[in-house]
Amino acid sequence: MTTSCLYHTQGIRGYQYQKTERTGLTEIYHLHSTTHSLRCPCCRSEATTLVKTGKSRDIRGLSIGFKRTIMRVYTRRILCRDCGHSPQEPIDFCAAAYVSYSKWVVKFVLALRRAMSIREVAQFTGLNWESVKNIEKKYLSKKYKTVRLGDVEYLGIDEVYLGKKLGYITVVRDLDTGAVLYIGNGKGGDSLKPFRSRIRRKAKRIKAVAIDMANSYSAWVAEVLPDADIVYDHFHVIKLMNERMDGLRKSTMNKLADEQKKELKGKRFLILRNQENLSPEAAQELKKLRFEFKDLGTASMMKEYLRNIYRMADSCELARTAFMLWCEKAETSGIACLKQMAKTIRKRIEGLVSFWKHHRITSASQEGFNNKIGWLTRQAYGYKDEKYLHLKIYDLPNLQTRKYL
Ligand SMILES: [Zn+2]
């Protein structure tokens, strides 16, 4: 190892290479700082003397093949004659004063994280899990310190369930770019409090806000963004319909004898899944279920009908007529969950039709996005660090979904 080599392979400048110590799979390079004078970091005075401490600090460098490398740096103190302080001489190739790996190790870890899980990166580099996580957390904190609202026109607000421990979060996204603009803890208008003043400055620009039909954010939008239209988009309508149908499935199941219960149990996905995504066998099974459980059959048919409105209607007027027809049909079906859905649709018809007014703004990506969050939390049940998880959610739109994250 030469001084020049140190610079080109490890990004280390200003240090003199002295010797190498070898222990098993580790190379230890002994380094001395070549700096002659330094300003005092406390008072900026130039009246300082550098004094050897007789101690050293070990900083992890990039591995060379199978060999791990450690830079053993002999430390010095900066004695200041003006303020009397004697701080340690900073090691500028080290990533931070309180860590023991170099800046290039950080770069390398971030590059590996694009394709590997935290655990894999830790195994590969020999760093511990926590260090790898912290390297990424620091990088993401800086990247998402201030999220610009930019030229946002279409907002999507949604609550996402992260599991028992972390509960709900509210995520605000720019529906055009897919960027995450804000993450709040909890759900409903309260979770958006810190976001309020920021978005208000952009209020004139915002054309529409897509929200769920549960009414949790409509009051907030009406108050904070009075000029924006509320849109109940395709994704949220079908989501609500699925919830209602699942309720019907459960209540149907409860009324059945044990033998029949078995038949319906575990059929949740068959009933809720979109028809075109079923295999021929599954479609056949669904047909049978629809025949045997009439109400459930009707409801599942009505869901497909609802989806068809989104596929076929090409104007606000057509959509409005189709929704009204749907409601009439649902009301005469005598099935409680359909009647309930019809009531919701009638009440929220303006928001439903707004979907067409705003050129079918889509949170089509929203479904995918929510799935990605779900997958993120499942991947890493080790995400006990809430801040880190939030940062990972901010970063989700930039990531290709791979096997690991
Ligand atoms: Zn000083």
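Okay, so let's go over this structure. Remember, it's a predicted structure, so these values are computed and weren't measured experimentally.

**Looking at the sheet that holds strand S5 (residues 154–161)**
Read across the open sheet, the five strands follow the order S7-S6-S5-S8-S9; overall the sheet is mixed. Both edges of this open sheet fall to strand S7 (180–185) and strand S9 (229–231), since each of them pairs with a single strand only. Put simply, the sheet's adjacent strands are angled 20° from each other on average, direction ignored. Two elements, S5 and strand S6 (residues 168–174), share seven bridges in a ladder whose sense is antiparallel. Within S6, the position partnered with Glu159 by the bridge is Thr170. Running over the sheet, helix H5 (residues 193–200) touches S5, S6 and S7 and is turned about 150° from S7.

**Considerations on the side chain of Asp233**
Position of Asp233 relative to the elements: it lies in the loop between S9 and helix H7 (234–255). Within the structure, the side chain of Asp233 is placed 2.7 Å from the side chain of His236, a separation counted as a polar contact.

**Regarding the sheet that holds strand S3 (residues 48–60)**
If you walk across this open sheet you meet the four strands as S1-S2-S4-S3, and the pairing is mixed. Every other strand in the sheet has two partners, leaving strand S1 (15–23) and S3 as the edge strands with one partner each. Within this sheet the neighbouring strands show an average axis-to-axis angle of 25°, counted without direction. Relative to strand S4 (residues 68–80), S3 runs antiparallel, the two sharing 10 bridges. Residue pairing in the sheet places Arg60 in a bridge with Ile70 of S4. Where helix H1 (residues 3–10) meets the sheet, its contacts fall on S1, strand S2 (26–33) and S4, and the angle it forms with S1 comes to roughly 80°.

**Digging into the pattern of salt bridges**
It is possible for side chains bearing opposite charge to pair when their charged atoms get close. Tallied over the full model, the rule gives 21 salt bridges. Residue Lys67 is joined to Glu27 by a salt bridge in which the shortest nitrogen-to-oxygen separation is 3.7 Å. Taken as a pair, Lys67 in the loop between S3 and S4 and Glu27 in strand S2 lie far apart in primary sequence, 40 residues in all. Relative accessible area serves as the criterion here: at 8%, Glu27 is assigned to the buried category. When the shortest N-O distance is used, the salt bridge between Asp385 and Lys137 registers 2.9 Å. Taken together, the residues span a long stretch of sequence, with Asp385 in the loop between helix H15 (364–379) and helix H16 (386–395) and Lys137 in helix H4 (residues 129–143) at a distance of 248 residues.

About the criteria used
Residues numbered from 1 in each chain as written. Predicted model: local features only at pLDDT ≥ 70, side-chain atom pairs only at ≥ 80, totals over all residues. Heavy atoms only, no water. Pairing = 2+ DSSP bridges. Helix = DSSP H or I, 4+ residues; strand = E, 2+ residues; numbered from the N terminus. Axes fitted to C-alpha atoms, helices over the stretch in contact; angles between N-to-C directions. Contact = heavy atoms within 4.5 Å. Polar contact = N/O pair within 3.5 Å; in protein donor to acceptor, adjacent residues only side chain to side chain. Salt bridge = Lys/Arg side-chain N within 4 Å of Asp/Glu carboxyl O. Buried < 20%, exposed > 50% of the residue type's maximum accessible area, 1.4 Å probe, protein only.

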